[in-house]
Amino acid sequence: MNPPSLGFDFRSSPTIQGLAVSLDRMVSRINTVWTRQPHIYQSGYFTPTLQFGGLSTAIVYTFRTGYYTRIGDVVSVHIRLGLSANGTAVGAARLVNLPFSQAFGDAGNGIVAGAVAGYAVNFAALTGPVLGFVATTTLLLYHSGAAGGIAMTDANFTATSDMAISACYVTQDTAPTV
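Keep in mind the model is a prediction, meaning the values are calculated, not measured.

Student: What is the right way to read the overall build of the chain from this model?
Tutor: Secondary structure summary: the chain contains one helix and 10 strands in total. In sequence order, the chain lays out its α and β elements as α-β-β-β-β-β-β-β-β-β-β. Taking all 178 residues of the chain together, 30% fall into the buried category. Taking contacts inside the chain between residues at least 6 apart in sequence as the whole, the part at least 24 apart equals 69%.

Structure representation (structure tokens):
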């Protein structure tokens, strides 16, 4: 038995038809965006390396690990690093071997890909929190000073330096570099 007719066909209603067209347009737009920028989710571990002046001579780690998450073009890295010997290399401090390269090459082109240490203990002559900038697959380390960021060097590290640092940046890589 069919239900009684109310004398109104919802399918012919201009409001319902307009809503259907709007929904079709919205679905079409979502599909276009989805196709143009595929949604990527990747996560995994990597091994960061501490360098001074581009070298990691005689650095001995108590522990070092890195974990990354990539959602679309945005990469988040979390690094934990502990030393039992800070080595013999000298110069600017940096962490290398980030899993994806930064999309815009270096930190000086107006696109800031930043980092901040959750904690940093057993360091020498720091005037403020440990910060960083991502350049390609490298995290350049700084500490905050009265006049701005001060590049960290081997002189800031001790044989027992311990840090946890996180960074977030944009990539255009299709697969991890390490």
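The structure having been displayed, the exposition proceeds.
Student: I would appreciate a short explanation of the packing of aromatic side chains in the present structure.
Tutor: Each aromatic ring pair is summarised here by two numbers: the centre-to-centre distance and the angle between the ring planes. Scanning the model with the defined rule gives five aromatic pairs in all. Seen in terms of ring centroids, Y45 and Y67 are 5.0 Å apart; in terms of plane orientation they differ by 65°. Their pairing is edge-to-face. Of this pair, Y45 sits in strand 1 (residues 41–46) while Y67 sits in strand 3 (residues 59–71); the two residues are 22 residues apart in sequence, bridging distant segments of the chain. Overall, the relative accessible area of 65% leaves Y45 in the exposed class. Residue classification places Y67 among the partly exposed residues on the basis of a relative accessible area of 29%. Taken together, a centroid distance of 5.5 Å and an interplanar angle of 80° make the contact between F133 and Y142 edge-to-face. Cluster of aromatic residues (ring-pair linked, three or more members): F52, F123 and F157. The side chain of R70 reaches across the aromatic face of F100, ending 5.0 Å from its centre.

Student: Looking at this structure, I do not really get the pattern of salt bridges. What am I missing?
Tutor: Close approach of charged atoms allows side chains with opposite charge to pair. If you walk through the whole model with that rule in mind, you get two salt bridges. A salt bridge links D162 to R80; its shortest N-O distance comes to 3.2 Å. With a gap of 82 residues between them, D162 in strand 10 (residues 157–170) and R80 in strand 4 (residues 74–86) connect regions that are remote in the sequence. Owing to a relative accessible area of 16%, D162 belongs among the buried residues under this scheme. Since its relative accessible area comes to 31%, R80 is described here as partly exposed.

Student: Sorry if this is basic, but what is going on with the nonpolar core here?
Tutor: Across soluble globular proteins, you tend to see nonpolar side chains buried next to one another. With 29 residues, the main nonpolar core has L50, L139, L141, F157 and I165 as its most contacted residues. At the level of secondary structure, the elements contributing two or more residues to this core comprise strand 2 (49–52), strand 3, strand 4, strand 5 (93–96), strand 6 (114–123), strand 7 (130–135), strand 8 (138–145) and strand 10. Not counting residues up to four positions away in its chain, the partners in contact with L139 are I79, R94, L95, L98, A115, G132, F133, V134, I165 and A167.

Reading the values: the criteria
- Residues numbered from 1 in each chain as written.
- Predicted model: local features only at pLDDT ≥ 70, side-chain atom pairs only at ≥ 80, totals over all residues.
- Heavy atoms only, no water.
- Helix = DSSP H or I, 4+ residues; strand = E, 2+ residues; numbered from the N terminus.
- Buried < 20%, exposed > 50% of the residue type's maximum accessible area, 1.4 Å probe, protein only.
- Contact = heavy atoms within 4.5 Å.
- Phe/Tyr/Trp six-rings, centres within 6.5 Å; stacked < 30°, edge-to-face > 60°.
- Lys NZ or Arg CZ within 6 Å of the ring centre and 35° of its normal.
- Salt bridge = Lys/Arg side-chain N within 4 Å of Asp/Glu carboxyl O.
- Core = buried A, V, L, I, M, F, W, Y, C linked by side-chain atoms within 4.5 Å.

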